[in-house]
Amino acid sequence: MNKSCNLYIDEVAYDFDVEGDFFWGEDKLLFKSENNIISKMPWKKEGYSVVDIFVEDEFFKLMQSITKNIVKAIKQNGIHFDEATFSLDKYHEVVTTDDLHNKVIDITRNLENSDFDFDIDALTLRFADVLGYKLTSWIEELQKSHIQIRISRPNSLDINPPHRDGYLSYWEDIINVWIPIVGCNEKSSLPVLPGSHLMSEHEVLRTKSKGAKINGNIYYVPCILEIKSGPIKMIRPNPNEGEALIFTPFLIHGAAVNKNENITRVSLELRLPRVLN
Ligand SMILES: [Fe+2]
């Protein structure tokens, strides 16, 4: 069934069509109120925070490594371009069709630590220090690490719907990390719904996993279409270069429309499970 998803981002209204079967959940809070990954944080009620994460030239090195991965994915699809003048913010001038873009992100959405010449485990340790829990980048259920480069072209529907990663069993006890790389600003940065991790399932109208389609693309995570308390009013915390947005996997986030006129947005997502021993 086609439905319209209506929401606000920083008080501006947006709507887009989502295809799927929607249902209200049970009266159950999935976010564990005790001993969760953010339980030592003063921002546990909001569910998210922005933290300083990079030192010295690390950010630049990570950006180079991301560029390398994107260039490789473009080349693998036989797209001709001038590598010497290529820059991430102009990606949309090189990858000019939805079809080619989908082929590129098929590669860049599913990377591992070994794809990056950057020490992901050193970063993992820093997030562990912030949260006061031991973290790893290894996802036991998937038997691999998981790193996703998100590429959102200007004036596109390169977005996923509002969702909670925690609906998928392997993302239940992780910290979500969203790192701005290029083109991330007040018009494009990832939106979150503050405090939404404390919303019971009966307050949420959603699809099941792999049950939502936007612009022809099926999303793995369930789409959240409505909440009982009224319109979905998201905000963009908009971390600066060198910072990261971190949040509980039960916080509703997504719908990161890129409203920049002529700049592709690139961000990096890490999902780091807690190690309990
Ligand atoms: Fe997500």
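Residues numbered from 1 in each chain as written. Predicted model: local features only at pLDDT ≥ 70, side-chain atom pairs only at ≥ 80, totals over all residues.

Draft legend 1. Representation of the sheet that holds strand 4 (residues 48-52). Pairing is antiparallel in the open sheet, where five strands are placed in the order 4-14-8-15-7. Lying at the two open borders of the sheet, with one neighbouring strand each, are strand 4 and strand 7 (147-152). Strand-to-strand, the axes of this sheet are offset by a mean angle of 25°, without reference to chain direction. Sheet analysis places strand 8 (residues 174-182) next to strand 14 (residues 243-247), joined by three bridges and oriented antiparallel. Looking across to strand 14, one finds that Trp-178 is bridged to Leu-245. Here helix 1 (residues 58-76) sits on the sheet in contact with strand 7, strand 8 and strand 15 (265-273), set at roughly 75° to strand 7. (Pairing = 2+ DSSP bridges. Helix = DSSP H or I, 4+ residues; strand = E, 2+ residues; numbered from the N terminus. Axes fitted to C-alpha atoms, helices over the stretch in contact; angles between N-to-C directions. Contact = placed C-beta atoms within 7 Å.)

Draft legend 2. Representation of helix 1 in the model. With 19 residues, helix 1 should cover 27 Å at 1.5 Å per step; its first-to-last C-alpha distance of 27 Å lies within 8% of that length. All buried positions along helix 1 are accounted for by Leu-62, Ile-66, Ile-70, Ala-73 and Ile-74. All buried residues of helix 1 project into a common sector of 115° when viewed along the axis, lining one side. In this structure, helix 1 carries Phe-60, Lys-75 and Gln-76 as exposed residues pointing more than 90 degrees from its buried face. Against helix 2 (91-94), helix 3 (98-108), strand 7, strand 8 and strand 15 lie the buried residues of helix 1. Once helix 1 ends, the next one or two residues include Gly-78, with phi positive near 70°. (Expected span 1.5 Å × (residues − 1). Buried ≥ 20, exposed ≤ 12 C-beta atoms within 10 Å, placed from the backbone. Arc of directions from axis to C-beta.)

Draft legend 3. Spatial organisation of helix 3. Listing the buried residues of helix 3 in full gives His-101, Val-104, Ile-105 and Thr-108. Along the axis of helix 3, the buried residues cluster in a sector spanning 95°; they form a single face. Opposite the packed face of helix 3, turned more than 90 degrees from it, sit the exposed residues Asp-99 and Asp-106. Against helix 1 and strand 7 lie the buried residues of helix 3.

None of the figures reported here should be taken as evidence of function without further support.
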